[in-house]
Amino acid sequence: MGANDLNTIGQSVRRKEDYRFLIGAGQYTDDVNPPHHTHAYFLRSPHAHAKIRKTDTSKAKAAPGVVGIYTGADLTGVNGLPCGWLITGTDGQPMKEPPHPVLAQDKVRYVGDGIALVIAETPDQAKDAAELIDVDYEVLPAVVNPVDALKSGAPQIHDGAPGNKCYTWALGDKAAVDAAFAKAAHVTKLDIVNNRLIPNAIEPRAAVASYSRADDGYTLYVTSQNPHVERLLMTAFVLGLPETKVRVIAPDVGGGFGSKIYLYPEETAMVWASKRVNRPIKWTAERSESFLSDAHGRDHVTHAELALDKDGKFLAMRVHTTAAMGAYLSTFASCIPTILYATLLAGQYTTPAIYCEVTAVFTNTAPVDAYRGAGRPEATYVVERLVYAAAAEMGIAQDEIRRRNFIRKFPYQTPVALLYDTGGYDACLDEAMKMADVRGFAARKAEAAKRGKLRGLGYSSYIEACGIAPSNIAGALGARAGLYEVGEVRVNPTGGVTVFTGSHSHGQGHETTFSQVVASRLGIPIENVEIVHGDTGRIPFGMGTYGSRSLAVGGTAIIKALDKVVAKGKKIAAHLLEAAEADIEFKDGKFNVAGTDRSKAFGEVALAAYVPHNYPLDKLEPGLDETAFYDPTNFTFPAGTHICEVEVDPETGVVQIVDFSACDDFGNIINPMIVEGQVHGGLAQGIGQALLECCVYDKETGQLLTGSYMDYAMPRAAHLPSFKVATKVTPCTHNPLGAKGCGEAGAIGAPAALMNAVHDALAAAGVKYIDMPATPHRVWNAIQAAKH
Amino acid sequence: MSVALSLTVNGKAERAEIDPRTLLVEFIRNDLGLTGTHVGCDTGQCGACTVLIDGNAVKACTILAVQAEAAKVTTIEGLANNGEMHPMQAAFKECHGLQCGFCTPGMVLSAIDLVQRHPNADEKKIRAELEGNLCRCTGYQNIVKAVAQGAAAMRR
Ligand code: FES
Ligand code: FES
C-alpha cells in the first residue's frame, strides 16, 4: 500500500462502527445491566394543569418488590433544572425563569409531568406500585396553544411569569424596516404556523444510575448527546455534587436529533435516589412516555411581511413570532426562537433591513427545545414561503426572484447579526434545477392535468448557521456555556493512535470520519486509529454534538491536537536524525530531513517518545499525547437549494412527491457516503414535518392526542421518494478542514420546498394558503373551500 | 406462577421457567441476554424488535414468549456465520443502510423475510414491504438500496 492510499479524505470509506451494530453487539443504555439493579417507573400527571393537594404513597410503599418511592417533597436540597441561555427582553429585563422541579412540587403543568419516582425489583412491580399512589388533584383549566396562552384571562401557568410570557425579544432595525415598507412597490404578507413536532429517535430515552459507597461516587449511563454538559448541569446546578464524583457515560445512542441534548428530570432523580437505595437503578422510557416527556420541537405562530421594489428586489422583512416554550424552560429552549431563528432571516438574500420580534410563551405542554435544525427550519420556512408568495403575486419566476436577490459578495454582513464567510448560491440553484429537470416541468404539468392531477414545483434556497460560536460572542448573547470543543490525540508507543473527542456520535459515524481525518494527517492506516467519545471518565471536558458542529468544531480540535503531535514529533525526529528541527518535514507518515533521503517513520518517533533512551530529555518531555481546545471564530454557513415536485390528486387530497432534488454546499467533505446519509435523513424529517407529522394536544383538556405511532404519523419507506442529492463546495474560510456541517440541512430546506410545491400545484385549484402538514384531509378541505 | 418454556434460539436449545406474561422480546433481552433485539415502541409499530420465528419475521414485542414454545428463533446475533456477516448484513454496511444502528437488527431480519417472499422485489415493493419498520435516521433510501443488494447476494 503506498503512502497516498492512506489519505482517504473525500472517500466513501465504509463505517468502522457498522460491524458491531449489524451483529447485534451495539451497547445502548438499555443493554447495560449492573448486578443487583432495580427498576424505576415514573408516575406522571394525567392532567395538563392541576394543583396537587396531597400525595399519599403509603399503600404503594407496602406493595411487593418496592425498594423506594420518592416524590417532590422528598427532594429537599435538590434545585430545579437550569436553562442554559439567558435571553434579555426588549424591556431590558431577563427572561422569566420559573422553577423547573425535578419532580412536581405543588402543581403539575403538563400531561406527563413527573410526580413520583417508584423503584422496585422489577419493572412490573414498579408500575403496579405506582398505581397505588394516591394523588389528590385540583384540576385547573389548561392552555396548549401559544397564542391562546397570551390572551387575557388565559390560565396562569407559573406565578413568576405573568401572562404566561417568558420574554419578548427583538432583533434588527425597526425604523429602517418601517421606512422601507413605506416606499415598497409590493408587500407580501403571510400568517404561518410552524407545526409542533415530536423528535422520535427510535431508541427511547433511558438511564442507569449507580452509587458506589467505596468512593462516594456515581455512575450514570444515559442516552445523551453531550455527557459533560449533562454532568455539569446536574452536579453544579441541581444536585450540588462535586463534578468529580459523577461519571456520565453516553454509550451507543440510538439517534438524538436534539432531543437527547438536554438534562432531563428522570436521570437527575435517579442519580439522587441511587444513593438513597444504594443499588443501581434502571429506567427506559416506554414510547408513550417519550411522546409525553421528550422535549418537542418548533411550535411557532408567525406573521411575516416582505417588502419589494417593482423589480422584485427585497427591501425589507418584518416578522413577528409567538413561540411556545411548553410548561418549563428546557436546557436550550430560550435560544432557539431567537438566536438560532431571527438571525437566519436574511437567508441567501441581500434584504437590507430586517426586523423580528419574538414572544416566548409558556403553555401546558411538554417543553419545547431544539429539534433537528432548531430555529433554522422555522426561519427558512418563513423566508422561502414569503419568497414563493411574492414571486407568485408579482409574476416573477421562482428561480429568477431568487437570483435577483442572492448575496454574491463575501464576507457578507447581514442586517441580523451574522457575517457569512463564504457561499455560492447560484451554483446550487443551477445544479438543483438541472437535477430536477425544471425545463421539462411544463410538459409534465400538462400531462398530469390531462389525468386530472395537479403538479407543482417548489424551491427552497436555505441557509443555516452551524458550529455555533465563538464562545465570547455567544456569552454576550446570553449563553451560559462555552461552545468550543476538545480533542486529545494519544499516540501509543507502538504507533496506534487513540483519539478522545468531546463530540458524540449517535448515528453520525464519527468513528469513521474522525479516523479518516487522523489517519490521513498522520499517514497511518485507519485501522490504527481508535475514536473514544461519550464518557466523562475518559475524555477531556467537551461540549458534545448538536447544531451540525462535530466535524467543523470537534474535527478542528482534533486537527489542532494533531498539529501539536506533529510539532513535537519533529523535535524528536530532529534529535534521532541529528538534524535541525527546522529542517524536518512531515509527510506521508514520515519525518524527513528536507532534501535528503534520511527519515524516521511515525511509529519510530512514537516509540522513541515512550522509550526515551535516545531522546533529548534535557529539552523535551517524553510521551506523545496532545490535547487542543478549539473555539471557532465564526459560525459556518451551509446552504443550498432544494427543489420538490409534487402531484396532487384533487379528488382525494393526496400529495405525492414525484421528485426531490437537493444541491447543498457543506464546504469540504471527508466522507461523501456519510454526508449523503445525513442529507437523506434530514430530508425525511423535513418531509415528515411538511406532509405527515403534527403534534396535537386537546385544546380543552391538554391531553396529548398524538401519543403513539398509531396517531403520530412518522415517515415510512413508502412515503418517501428516492432523493437526488449533489454537493457544491465553497470551503469554510475559518476552520482548517474547510468544513461547514451537514446534519440538519435536509430538515431545514425540505419543508419549504415541499410546501411551495404544494402551493404551486394548488394554485390551479384557487387555493391560496395551507399550513403544514399537507395531509389529504387538509388539502382536500382547502380545495373544497376554494370552490365556494 | 411460572411456566416452562423450551425453544431453540440461534441454533441453541433453551429451557426456562418464566412468568407467563413475559413477552418474547423480554425473554430474549433479559433472560437470554441477547440485547441486539431492540424495543422502540409499545404499540407494535416500529419493528425494532423483529426476529425470525421458524424463518418468518415476527415482532417479538407482539407475542408472548410461551407462544414461541418449540419454535426456532433467529435473532440478529444468530445471522453471522463464524464472524462472517450474512449477505444482508454485508449489504447494509456496503450501502450505508444504517446510522445509529437502533432500527438495524429489525430492518435486517425484516429484509431477509422480505427477500424470501419476494426474491426480485423492486424499489416500490421493497418500500411497501418495509411498512412495519421505522427508521428515523436514514430516510430509508440506503436501506432500500441495501435490501436490493442483499437480495441479489442472497440469490447467488
Ligand atoms: S418494539 Fe416491537 S414493534 Fe416496536
Ligand atoms: S439507523 Fe437510526 S433508526 Fe434507523
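Residues numbered from 1 in each chain as written. Chains lettered and ligands numbered in written order. Predicted model: local features only at pLDDT ≥ 70, side-chain atom pairs only at ≥ 80, totals over all residues. Heavy atoms only, no water.

Here the focus is the overall build of chain A. Tallying secondary structure elements over chain A gives 19 helices and 28 strands in all. Radius of gyration (C-alpha) of chain A: 27 Å, near the 28 Å computed for a compact globule of 788 residues. Each principal axis of the C-alpha atoms in chain A carries an extent, and together these give about 90 × 70 × 50 Å. The buried share of chain A, reckoned over its 788 residues, is 65%. Pairs at least 24 apart in sequence give 80% of the contacts found in chain A among residues at least 6 apart. Element-wise, carbon and sulfur atoms account for 53% of the exposed surface of chain A, whose accessible area totals about 26,600 Å². Side-chain charges of chain A comprise 74 positive and 86 negative groups, with the mean position of each set lying 3 Å from the other. (Helix = DSSP H or I, 4+ residues; strand = E, 2+ residues; numbered from the N terminus. Rg over C-alpha atoms; globule rule 2.2 N^0.38 Å. Buried < 20%, exposed > 50% of the residue type's maximum accessible area, 1.4 Å probe, protein only. Contact = heavy atoms within 4.5 Å. Areas by Shrake-Rupley, 256 points an atom, 1.4 Å probe, with all protein chains shown as cover. Lys, Arg positive; Asp, Glu negative; His and termini not counted. Charge placed at Lys NZ, Arg CZ, Asp CG, Glu CD.)

Another point: the overall build of chain B. Helix and strand counts for chain B stand at 5 helices and 5 strands. Listing every helix and strand of chain B by position from the N terminus yields β-β-α-β-β-β-α-α-α-α. On C-alpha atoms alone, chain B measures out to a radius of gyration of 15 Å, which is about the 15 Å that the 2.2 N^0.38 rule sets for 156 residues. Overall, the C-alpha framework of chain B stretches about 50 × 30 × 25 Å when taken along its three principal axes. Looking at chain B alone, contacts between residues at least 24 apart form 58% of all its contacts between residues at least 6 apart. Here chain B displays about 6,300 Å² of accessible surface, and carbon together with sulfur accounts for 47% of that area. In chain B, 15 side chains carry a positive charge and 16 a negative one; their mean positions are 7 Å apart.

Take the nonpolar core next. With 222 residues, the main nonpolar core has A:L345, A:F660 and B:F92 as its most contacted residues. Discounting chain neighbours no more than four positions away, the residues touching A:L345 are A:M317, A:V319, A:I354, A:C356, A:A379, A:V382, A:V383 and A:V416. Within the second largest apolar cluster, 42 residues are counted, among which are A:I526, A:I558, A:I559 and A:L624. (Core = buried A, V, L, I, M, F, W, Y, C linked by side-chain atoms within 4.5 Å.)

Turning next to the domain arrangement of chain B. All names here are of chain B. Under the domain assignment, chain B is made up of domain 1 (3–78) and domain 2 (87–155). If you average the C-alpha positions of domain 1 and of domain 2, the two centres end up 21 Å apart. Carbon and sulfur atoms supply 61% of the area that domain 1 and domain 2 bury against each other, a total of about 1,200 Å² over both sides. The interface formed by domain 1 and domain 2 includes 0 salt bridges. Here domain 1 is connected to domain 2 by 6 residue pairs in polar contact (both at pLDDT 80 or more). Elements with a minimum of two residues in the side of domain 1 that touches domain 2: β3 (50–53) and β4 (56–59). Grouping the constituent residues of the side of domain 1 that touches domain 2 by class yields 7 nonpolar, 10 polar and 1 charged. (Domains from an automatic or database assignment. Buried area = accessible area lost by both parts, 1.4 Å probe. Salt bridge = Lys/Arg side-chain N within 4 Å of Asp/Glu carboxyl O. Polar contact = N/O pair within 3.5 Å; in protein donor to acceptor, adjacent residues only side chain to side chain. Nonpolar A, V, L, I, M, F, W, Y, C, P; charged D, E, K, R; others polar.)

All names here are of chain A. Helix length check: helix α19 (residues 776–787), at 12 residues, gives a terminal C-alpha distance of 17 Å against a target of 16 Å (1.5 Å per residue), a fit within 8%. Buried residues of α19: V779, A782, I783 and Q784, and no others. Of the surrounding secondary structure, the elements contacted by the buried residues of α19 are β26 (639–649), β27 (654–665) and α18 (745–762). (Expected span 1.5 Å × (residues − 1).)

On to the sheet that holds strand β4 (residues 107–108) of chain A. To summarise the sheet geometry, strands pair through backbone hydrogen bonds and adopt either a parallel or an antiparallel arrangement. All names here are of chain A. Taken in spatial order, the 3 strands of this open sheet run β4-β2-β6, and their pairing is antiparallel. Looking at the sheet topology across the chains shown, the edges are occupied by β4 and β6 (134–139). Note: strand β2 (residues 50–56) against β6, 6 bridges, orientation antiparallel. Opposite A50, over in β6, you have V139 as the bridge partner. (Pairing = 2+ DSSP bridges.)

All names here are of chain A. Applying the stated criterion across every chain yields a total of 20 aromatic pairs over all chains. Seen in terms of ring centroids, F314 and Y349 are 5.2 Å apart; in terms of plane orientation they differ by 80°. Their pairing is edge-to-face. Of this pair, F314 sits in strand β14 (residues 314–326) while Y349 sits in the loop between β14 and β15 (353–362), and the two are 35 residues apart along the sequence. Look at F314 and you get buried, because its relative accessible area is 3%. Classification of Y349 by relative accessible area gives buried; the value is 1%. By way of ring pairs, the aromatic residues F314, Y349, F406, F410 and Y425 are connected into one cluster. (Phe/Tyr/Trp six-rings, centres within 6.5 Å; stacked < 30°, edge-to-face > 60°.)

All names here are of chain A. For the pair helix α15 (residues 550–576) and helix α16 (residues 602–610), interaxial distance at closest approach is 10 Å and the crossing angle is 85°. The orientation of α15 relative to α16 falls into the category roughly perpendicular. Residue-level contacts link V565, G569, I572, A573 and L576 of α15 to F602, V605, A608 and A609 of α16. A class-by-class count of the residues in the contact of α15 with α16 yields 8 nonpolar, 1 polar and no charged. (Axes fitted to C-alpha atoms, helices over the stretch in contact; angles between N-to-C directions. Parallel < 35°, antiparallel > 145°, perpendicular 65-115°, else oblique.)

Let's shift gears to the environment of A:G681. Structurally, A:G681 can be placed in helix α17 (residues 672–692). The spacing of A:G681 and A:T188 is 493 residues in sequence and 33 Å in space, taken between C-alpha atoms. Every residue in contact with A:G681, bar those within four places of it in the chain, is listed here: A:R372, B:C137, B:T138 and B:G139.

This part takes up the side chain of A:H759. Residues and elements named next belong to chain A. In this structure, H759 sits in helix α18. The exposure class assigned to H759 is buried, which follows from its relative accessible area of 3%. Discounting residues that sit within four places of it in the chain, H759 has contacts with R385, Y388, K768, Y769 and I770.

Another point: the interface of chain B and chain A. Contact with chain B, which involves 46 residues of that partner, is made by 52 residues of chain A. Note on chain B versus chain A: buried area summed over both sides is about 4,100 Å², and carbon and sulfur give 54% of it. When the buried area of chain B at its contact with chain A is split by residue, B:L134, B:R136 and B:Q141 rank highest and sum to 20% of it. At the boundary of chain B with chain A, the tally comes to 5 salt bridges. B:R29 is paired through a salt bridge with A:D30; the nearest N and O atoms lie 2.8 Å apart.

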